[in-house]
Amino acid sequence: GQRTTGIPLQVLDDAIDEPKETFVLNLVSAEGGASISQQSKRVTFEINDNDPEPTANFRISEQGVNESTGHVDLAIDLSHPSSQDITLDFTFSGTAKKGDDYTGLDQTRLTVPAGATSTLQALDVIKDTLREGGETVVLKLTDALYATI
């Protein structure tokens, strides 16, 4: 008689970056006089992801605004979603001074939630009465967790 059988399992491909996944198949009973040995009651399967990490970029690489604008939205886009929260570190530089010329972005780390493909952060421009030339705020992505920059 037949001593073995197969159980067809299909792994579905997706376009989402995700960590290695596992699932367990437990055999709990047998019929027709068959028995299940202790060593073959449980089988663990691992599925290794074949999708690359998303790439993170600023939506607009250069943007100019007047002090009277009052508000600027800075968008960071991902090339595709991830199943994990993505952490992005960045630095500030430029001639504008935080607190005198702009407010917002109180941290140097942003998180793009799992499943999302962008994050929007506000930068509020402070209007003053000083005569001054153009000023710059330069943001640079410096590091990422679960993404490439």
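Before reading on, note that the structure itself is shown above.
Residues numbered from 1 in each chain as written. Predicted model: local features only at pLDDT ≥ 70, side-chain atom pairs only at ≥ 80, totals over all residues. Heavy atoms only, no water.

Draft legend 1. Examining the overall build of the protein more closely. Along its length, the protein carries zero helices and nine strands. Each helix and strand of the protein, placed in order from N terminus to C terminus, yields the pattern β-β-β-β-β-β-β-β-β. Each principal axis of the C-alpha distribution contributes one length, and for the protein these read about 95 × 20 × 20 Å. Of all intrachain contacts in the protein linking residues separated by at least 6 positions in sequence, the fraction that spans at least 24 positions is 69%. Total accessible area computed for the protein in this model is approximately 10600 Å², and 48% of it derives from carbon and sulfur atoms. (Helix = DSSP H or I, 4+ residues; strand = E, 2+ residues; numbered from the N terminus. Contact = heavy atoms within 4.5 Å. Areas by Shrake-Rupley, 256 points an atom, 1.4 Å probe, with all protein chains shown as cover.)

Draft legend 2. Structural context of the pairing of strand E7 (residues 109–112). Here E7 shows a buried face lined by Leu110 and Val112 and an unburied face lined by Arg109 and Thr111. Sheet analysis places strand E5 (residues 86–93) next to E7, joined by four bridges and oriented antiparallel. Within E7, the residue paired with aspartate 89 across the bridge is arginine 109. (Buried < 20%, exposed > 50% of the residue type's maximum accessible area, 1.4 Å probe, protein only. Pairing = 2+ DSSP bridges.)

Draft legend 3. Structural view of the environment of lysine 41. Examined against the element boundaries, lysine 41 turns out to sit in the loop between strand E1 (21–26) and strand E2 (42–47). For the pair lysine 41 and glycine 134, spaced 93 residues apart in sequence, the C-alpha separation works out to 72 Å. Not counting chain neighbours up to four residues away, the residues in contact with lysine 41 comprise Leu25, Asn26, Leu27 and Ile36.

Draft legend 4. Geometry of the nonpolar core. Judged by nonpolar contacts, the single largest core of 18 residues is most densely connected at Leu88 and Leu105. Contributions of two or more residues to this core are made by strand E4 (71–78), E5, E7, strand E8 (118–125) and strand E9 (138–145). The element best represented in this core is E4, accounting for four residues. (Core = buried A, V, L, I, M, F, W, Y, C linked by side-chain atoms within 4.5 Å.)

Draft legend 5. Structural view of the pattern of salt bridges. In this structure the tally under the stated criterion is three salt bridges. Among the salt bridges present, the one from glutamate 46 reaches lysine 20, with a minimum N-O distance of 3.6 Å. Here lysine 20 lies in the segment before E1 and glutamate 46 lies in strand E2, a separation of 26 residues in the sequence. A salt bridge links arginine 59 to aspartate 77, with the nearest nitrogen and oxygen atoms 2.8 Å apart. With a gap of 18 residues between them, arginine 59 in the loop between strand E3 (56–58) and E4 and aspartate 77 in strand E4 connect regions that are remote in the sequence. (Salt bridge = Lys/Arg side-chain N within 4 Å of Asp/Glu carboxyl O.)

Draft legend 6. Structural view of the side chain of glutamine 84. Within the element layout of this structure, glutamine 84 appears in the loop between E4 and E5. Note on glutamine 84: relative accessible area 18%, which makes it buried. Sequence-distant contacts of glutamine 84, that is, excluding residues within four places in its chain, are made with Asp17, Glu18, Pro19, Val112, Ala114 and Tyr146.

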